Amino acid sequence: MKYLNWLLLAMPAAIAAELLHASPTVIFVLAALAILPLSGILGTATEELAGHTGPTMGGLLNATLGNLAELIIAALALHAGLIDLVKASITGSILGNLLLVLGAAQLAGGLKHKVQRFNPNLAGISVGSLVIVTTGLIVPSVFFALHPDPLRAATIRMSEFVAVLLILGYGLSLLYSMGTHRAVFGEGGDVAAGEMTPHWSLKKAVIVLVVVAAAIGVMSEILVGSTEAAVASSGLSQVFVGLIVVPIIGNAAEHSSAVLIAPLLVFLGLAFGQPMDLAFHTMEVVSVVLAVSVASAMVRDAESNWLEGAFLLIAYAVIAVAFFFF
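Here's what I pulled together on the structure shown here. Here the structure is a predicted model, which is why all the values come from computation and not from measurement.

By secondary structure assignment, the location of glutamate 284 is in helix H12 (residues 282-299). The buried charged residue glutamate 284 lacks any salt bridge partner; its closest oppositely charged side chain belongs to lysine 87, at an N-O distance of 7.0 Å. Contacts of glutamate 284, omitting those with residues within four sequence positions, involve Lys87, Ala88, Thr91 and Phe323.

Structural data, given as structure tokens:
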């Protein structure tokens, strides 16, 4: 991610634009550009910290803090009442993880290697986790559609229980991959769990992590503050910005599924006085179902090539185009 570090210049520019009351679109773009390299540095700091903590704690840090940048943006957007944007960012995280990032990785790797093979156990648990998230989106959405609830009170209450179950599923997936079945993930699983040689000292990793997280918080506050006006002036919808823009800038270092983000945001909404349920638009639910289906078909043989990567990117582009006009 070092090639993105020059975008750090956008951080003081965004602060200056905010203080000078520049165009909301300019402020939004500058803040978004600043978050890109910050997300990359956050990912590096997390990996370095994981290298000092041992395999189990390292895996937990990687799995949890990999979502931190996006969680900060979504939490601030939720606090500001931009619930449609927050929901779209959850959907966008899943789509980006399954189609954009996986597709780009398979395409880039396939151009160098004719066939790439990966651990089927890792692919299986990843797809399984996303299927659970999809269930967490579909059931509340169908419930809301079939159960007239103008105030959404019952839907919100039901979503709270679903959120608890999703967090339970997340915890069980960590227990499985880093505990009871760690050996079946082989060498790649050990590296992912934190068995790597760190290049930074523990002190440096912690300081960088804290400072960068704070910087992301400041930039996210500026980004969210300019979102409504920027969206209105650009003609784009909150759904498109949340679905495409927020997941990309918030997960520049590592795309993660919404196994943890979605339920946490439900409870953060309660704390902020901005109740959020897990009932999504039909278009969002259908897109996630299609993405899970397409990605599952591509990884079921535990092999990949450049054509499969291209197909995943095309699927992502089709969905992005649809939401651009949505």
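Moving on from the coordinates now.
Turning our attention to the side chain of aspartate 277. Within the secondary structure, aspartate 277 sits in the loop between helix H11 (261-272) and H12. Residue classification places aspartate 277 among the buried positions, given a relative accessible area of 3%. Within polar-contact distance, the side chain of aspartate 277 engages the side chain of lysine 87 at 2.7 Å. Reaching out from aspartate 277, the side chain makes a polar contact with the side chain of arginine 152 at a distance of 2.6 Å. Sequence-distant contacts of aspartate 277, that is, excluding residues within four places in its chain, are made with Lys87, Arg152, Thr155, Ile156 and Ser159.

Moving on: the packing of helix H6 (residues 120-146) against H12. Two numbers describe how H6 lies on H12: the axes approach to 10 Å, and their chain directions differ by 160 degrees. The angle between H6 and H12 places the two elements in the roughly antiparallel class. Where H6 crosses over H12, the two elements pack in a sense that is left-handed. The segment H6 lies against H12, with Ala123, Val127, Leu130, Val131, Thr134, Leu137, Ile138 and Ser141 engaging Val285, Val288, Val289, Val292, Ser296 and Val299.

Attention now moves to a nonpolar patch on the surface. A grouping of Leu111, Trp306, Leu307, Phe311, Ile314 and Val318 is seen on the molecular surface, where their side chains present a nonpolar patch of about 620 Å² in accessible area. Among the elements that line the nonpolar patch, the one with the most residues is helix H13 (residues 306-324), at five residues. Mapping isoleucine 314 onto the fold places it in helix H13.

Bringing the packing of aromatic side chains into the picture now. Under the defined criterion, the tally for this structure stands at two aromatic pairs. Ring centres 5.5 Å apart and planes at 80 degrees place the aromatic pair phenylalanine 240 and phenylalanine 324 in the edge-to-face group. Of this pair, phenylalanine 240 sits in helix H10 (residues 238-250) while phenylalanine 324 sits in helix H13, placing them 84 residues apart in sequence. Look at phenylalanine 324 and phenylalanine 325: their rings are 5.1 Å apart centre to centre, the planes differ by 85 degrees, and that puts the pair in the edge-to-face class.

To continue, consider unusual backbone geometry. If you check the backbone angles, histidine 21 has positive phi at about 55 degrees while not being a glycine. Tracing the sequence through the fold places histidine 21 in the loop between helix H1 (10-19) and helix H2 (24-53). One non-glycine residue, alanine 302, lies in the positive phi region at around 60 degrees. Relative to the assigned elements, alanine 302 resides in the loop between H12 and strand E2 (303-304).

Procedures and definitions
- Residues numbered from 1 in each chain as written.
- Predicted model: local features only at pLDDT ≥ 70, side-chain atom pairs only at ≥ 80, totals over all residues.
- Heavy atoms only, no water.
- Helix = DSSP H or I, 4+ residues; strand = E, 2+ residues; numbered from the N terminus.
- Buried < 20%, exposed > 50% of the residue type's maximum accessible area, 1.4 Å probe, protein only.
- Lys, Arg positive; Asp, Glu negative; His and termini not counted.
- Salt bridge = Lys/Arg side-chain N within 4 Å of Asp/Glu carboxyl O.
- Contact = heavy atoms within 4.5 Å.
- Polar contact = N/O pair within 3.5 Å; in protein donor to acceptor, adjacent residues only side chain to side chain.
- Axes fitted to C-alpha atoms, helices over the stretch in contact; angles between N-to-C directions.
- Parallel < 35°, antiparallel > 145°, perpendicular 65-115°, else oblique.
- Left-handed = near helix turned anticlockwise from the far one by under 90°.
- Patch = residues over 30% accessible without salt bridge, like charges linked within 9 Å, V, L, I, M, F, W, Y side chains within 5 Å.
- Areas by Shrake-Rupley, 256 points an atom, 1.4 Å probe, with all protein chains shown as cover.
- Phe/Tyr/Trp six-rings, centres within 6.5 Å; stacked < 30°, edge-to-face > 60°.

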